[in-house]
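Working through the structure, step by step
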Amino acid sequence: MIRFNVPPYTGTEMKNVQKAVENMHICGDGEFTRKCSEYLEKTTGTAKCLLTTSCTQALEMAALLCDIKPGDEVILPSYTFVSTANAFVLRGAVPVFVDVRPDTMNIDENLIEGAITEKTKVICVVHYAGVACEMDRIMEIADKYHLMVVEDAAQAIMSTYKGRPLGTIGDFGCLSFHETKNFSMGEGGALLIRDPRHIEDAEILREKGTDRSKYFRGQVDKYRWMNYGSSFLPSDMNAAYLYAQFEVADQINDTRLSRWNQYYELLKPLQEAGKIELPVIPEGCVHNAHMFYIKTKDLKERTELIQFMKDNDILTVFHYVPLHSAPAGLKFGRFHGEDRYTTRESERLVRLPMFYQLTAKQVDYIAGKVKEFYGV
Ligand SMILES: *Cc1c(COP(=O)(O)O)cnc(C)c1O
């Protein structure tokens, strides 16, 4: 059986976890949390990185730091994970969904402006499959209307847009280290902060509303309750697990890209024959092989393909059910404009196994079975 996902594992994780235990510092902000944050700051160039317990929590921090108030509107795609919307709904905001582009499944940058009202406060973009949204255009719109930009970069670590790492272009970037992502600590995430003026508020928010971060740096002699806050920091044992993967980040990224390119080459003839569609990587975008998906003709064909693959011991899966048509989406949000692509394209998309330990031989086998299904 070829699983759809296997959590990334390099073999050196437990050595680091052991070290965290021996440090006798297993709560948050120990040696490995610091190392992970410094690594992300160095490689992305962001002003500040704060490790969190999930991308969901990083998104919630971003919503709080954007000072979302009840009735504010947030523009986002409907084709995304629930956390993108929940973070803002929890603060009383109305999610305003905009259609995606069929080529990348990212928010259509040309439809954003039409969805802006006087209540709009934030544009929250999602870099689907680690492929960048059209950030130049999006930042231009945000500037024009004085909106904040949050990047849900859960899938996008090590991806870039015109040379800039994803998660560092908007005001806040949110990464995920869930076991289904390219780098993992089981459950975990990070908040990237572009503008240094948000750093102090973010640290207070993450440390239960106290200035404990300053206290640990020796900047104040006692820590006090400064503002509202919660506990968003992960255990140093989890960070230790993650850091082992950062130590071989290029190897993990290169291996994934190599499997991705192999899928692409093997399945290209099916695209040329008009049977399926393959992912599109726009000019100026460097992706991280987070996901390899294909698009079938329609929902019926996709269901048959998933079953055929399963019969051959290969697990393939579809992805998001558009949020605007789900019960909570109907209750909390609205779709702006026409749903031309969100529903239709989401029904055709199927993801093939993609993980660090996947072998070239397995990719050969999987692509061979997809071809067999199409009689090629
Ligand atoms: C995985 C994912 C999340 C949630 O990440 P967690 O770390 O599990 O909270 C949010 N948004 C997108 C687009 C994701 O892919």
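Refer to the structure printed above.
These notes cover the structure that comes with them. (Residues numbered from 1 in each chain as written. Predicted model: local features only at pLDDT ≥ 70, side-chain atom pairs only at ≥ 80, totals over all residues. Heavy atoms only, no water.)

1. Notes on the overall build of the protein
Secondary structure assignment for the protein yields 14 helices and 13 strands. Relative to a compact globule of 376 residues, whose C-alpha radius of gyration would be 21 Å, the protein shows 21 Å and is just as compact. Principal axes of the C-alpha set define a box for the protein whose edges measure 70 × 55 × 35 Å. By sequence separation, contacts in the protein at least 24 residues apart represent 72% of the contacts at least 6 residues apart. Summing over all exposed atoms, the protein offers an accessible surface of approximately 16,100 Å²; the carbon and sulfur share of this is 53%. (Helix = DSSP H or I, 4+ residues; strand = E, 2+ residues; numbered from the N terminus. Rg over C-alpha atoms; globule rule 2.2 N^0.38 Å. Contact = heavy atoms within 4.5 Å. Areas by Shrake-Rupley, 256 points an atom, 1.4 Å probe, with all protein chains shown as cover.)

2. So, a nonpolar patch on the surface
Together, Tyr 215, Phe 216 and Tyr 223 line one region of the surface with nonpolar side chains, adding up to about 320 Å² of accessible area. Note on placement: Tyr 215 falls in helix α8 (residues 212–216). (Patch = residues over 30% accessible without salt bridge, like charges linked within 9 Å, V, L, I, M, F, W, Y side chains within 5 Å. Salt bridge = Lys/Arg side-chain N within 4 Å of Asp/Glu carboxyl O.)

3. Some details on the site of the ligand
Surveying the vicinity of the ligand reveals 13 residues, the closest of which are Thr 56, Asp 152, Gln 155, Ser 176 and Lys 181. Asp 152 is positioned such that a nitrogen or oxygen atom in its side chain is 2.8 Å from a nitrogen atom of the ligand. The separation between an oxygen atom of the ligand and a polar side-chain atom of Tyr 320 is 3.4 Å. When the free accessible area of the ligand is taken as 380 Å², the share hidden by the protein chains comes to 92%. Taken atom by atom, the bulk of the ligand overlaps the largest pocket. A breakdown of the residues in the shell around the ligand according to their chemical character gives 5 nonpolar, 6 polar and 2 charged. (Near = heavy atom within 4 Å. Polar contact = N/O pair within 3.5 Å; in protein donor to acceptor, adjacent residues only side chain to side chain. 1 Å grid on protein atoms, 1.4 Å probe; cavity = no way out; pocket = protein on both sides within 12 Å on 5 of 7 lines; lining within 4 Å. Sits in = over half its atoms within 2 Å of the grid points. Nonpolar A, V, L, I, M, F, W, Y, C, P; charged D, E, K, R; others polar.)

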